[in-house]
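# Architecture and fold: a report
Residues per chain, in single letters:
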Amino acid sequence: MNLNYHKWMELKIINNYFENGVCSAFDLIPFNSTSHQMNNYRILKKREKNTFSFYAGINSTESFEVDTHFNGLEDIYFQLINNDSLFFNYTDIPSISDNELYYFQNGINANKPEFFQKTQFVAQQDLIGLRSKRFNVNLTNEDKEVILEIKSNSETVITKTISGIKIYSLNLSQFDNGVYQLWVNDQLQETFFMSDQEVDQNCIGVVRLNVKEVIDQYSNNLDYTINFNARNVFWQYQVVVSKSRKIQVHDMNISGIKDEKYQGPVDQEIIGGQTAQVFITSSPLQLQNKLEQNPQLQVTYSNDFSNRKNQVEIKLPNPDVEQIKKYNQGENEGSFFSSTIVYV
């Protein structure tokens, strides 16, 4: 059989930390069950930079009819693999624990159908729990009768009435991979993604393609995005004037990129016992991988050979995302900052 491959969907991962939002930090790895389905339905995935394109193999004598070609296809799931160890430094999202991940899917945002996240950018709301198909549920009111339910798509798939047990073991191995909810006595306890496959250690999220939504929304092809926002941090520069320069500094200030203001300088002892003149932005600024312009440090000084005042301008470096920390006290407590040492 001669096959033509028809492109039917694109998913772009965008992070405005990078130029034009091109974030190449990720791979999409299908779950095992999805790999089987993709083979059966002749679906191919191709990555180029931050764009994942999906193709359907069709007979060269036929045209692509999405409802016909995908008839019987179940939802397919992918692990979103992060290959950048600094991603959570420069991206404005919470880090994840071992038992949670981010969950993305088409049709999740009614106002922006092209988004795979719930709001404009990926945020706390997109986090869900991560469970294997066998897990324990802690029941705090073990002396009372408890009604435990597991729901999927608002439909109850399991109901258990339990009493006299503090820890109840659930076995959901008969159910498919997907998102489920744990309810206890009509109260939602947890929303979680469940799989019989262990996720990769660098997996930060699950991407679901809702096939019904694909068929309903399909026109010519589908263009989707996962949108991450760069982190806003205070930019701090620690300016050290080397004693070997043998100069007397009369004035020091920083000109911002877009007229942002810098507070300081303030004397501060830094690592190595050196004294630095510390400047910091009056408000947080968004991080960028590459700056079109850099802040400028102006230093007015004289030396031992002349009382004449001289001035030098130094282009300050882009804040180092490896050096991002959080204020633990003071008026900016809880905010992030990036500190850079600059030698004059």
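Residues numbered from 1 in each chain as written. Predicted model: local features only at pLDDT ≥ 70, side-chain atom pairs only at ≥ 80, totals over all residues. Heavy atoms only, no water.

### Looking at the packing of aromatic side chains
Taken as a whole, this structure holds 24 aromatic pairs when the rule is applied. With centroids separated by 5.9 Å and ring planes inclined at 75°, the aromatic side chains of Phe 64 and Phe 70 adopt a geometry described as edge-to-face. Note on accessibility: Phe 64 and Phe 70 belong to one class, buried. In this arrangement the basic side chain of Lys 151 is found over the ring face of Trp 183, its NZ or CZ atom lying 4.1 Å from the centre. Over the face of the ring belonging to Phe 336 we find Arg 231, whose NZ or CZ atom lies 4.2 Å from the ring centre. (Phe/Tyr/Trp six-rings, centres within 6.5 Å; stacked < 30°, edge-to-face > 60°. Buried < 20%, exposed > 50% of the residue type's maximum accessible area, 1.4 Å probe, protein only. Lys NZ or Arg CZ within 6 Å of the ring centre and 35° of its normal.)

### Observations concerning the environment of Asn 89
Mapping Asn 89 onto the fold places it in helix 3 (residues 87–90). Judged by relative accessible area, which is 21%, Asn 89 ranks as partly exposed. Separated by 11 residues in the primary sequence, Asn 89 and Phe 78 have C-alpha atoms spaced 24 Å apart. Of the polar contacts made by the side chain of Asn 89, one reaches the backbone oxygen of Val 321; its length is 2.7 Å. (Helix = DSSP H or I, 4+ residues; strand = E, 2+ residues; numbered from the N terminus. Polar contact = N/O pair within 3.5 Å; in protein donor to acceptor, adjacent residues only side chain to side chain.)

### Observations concerning unusual backbone geometry
Here the residue pair Gly 264 and Pro 265 is connected by a cis peptide bond, since its omega of 10° sits within 30 degrees of zero. Looking at where Pro 265 falls in the secondary structure, it is placed in strand 18 (residues 262–269). The phi dihedral of Asn 153 falls on the positive side, at around 50°, and the residue is not glycine.

### Examining the side chain of Asn 82
Along the chain, Asn 82 falls in strand 5 (residues 76–82). Residue class for Asn 82 comes out buried when judged on its relative accessible area of 9%. Reaching out from Asn 82, the side chain makes a polar contact with the backbone nitrogen of Asp 84 at a distance of 3.0 Å. Each residue touching Asn 82, except ones within four places of it in the same chain, is listed here: Ala 25, Phe 26, Phe 87, Phe 88, Asn 202 and Ile 204. (Contact = heavy atoms within 4.5 Å.)

### Examining the state of the cysteines
Throughout the structure, instances matching the rule amount to 0 disulfides. Lacking any disulfide linkage, Cys 203 is separated from the closest cysteine sulfur, that of Cys 23, by 15 Å. The class for Cys 203 is buried, based on a relative accessible area of 8%. (Disulfide = S-S within 2.5 Å.)

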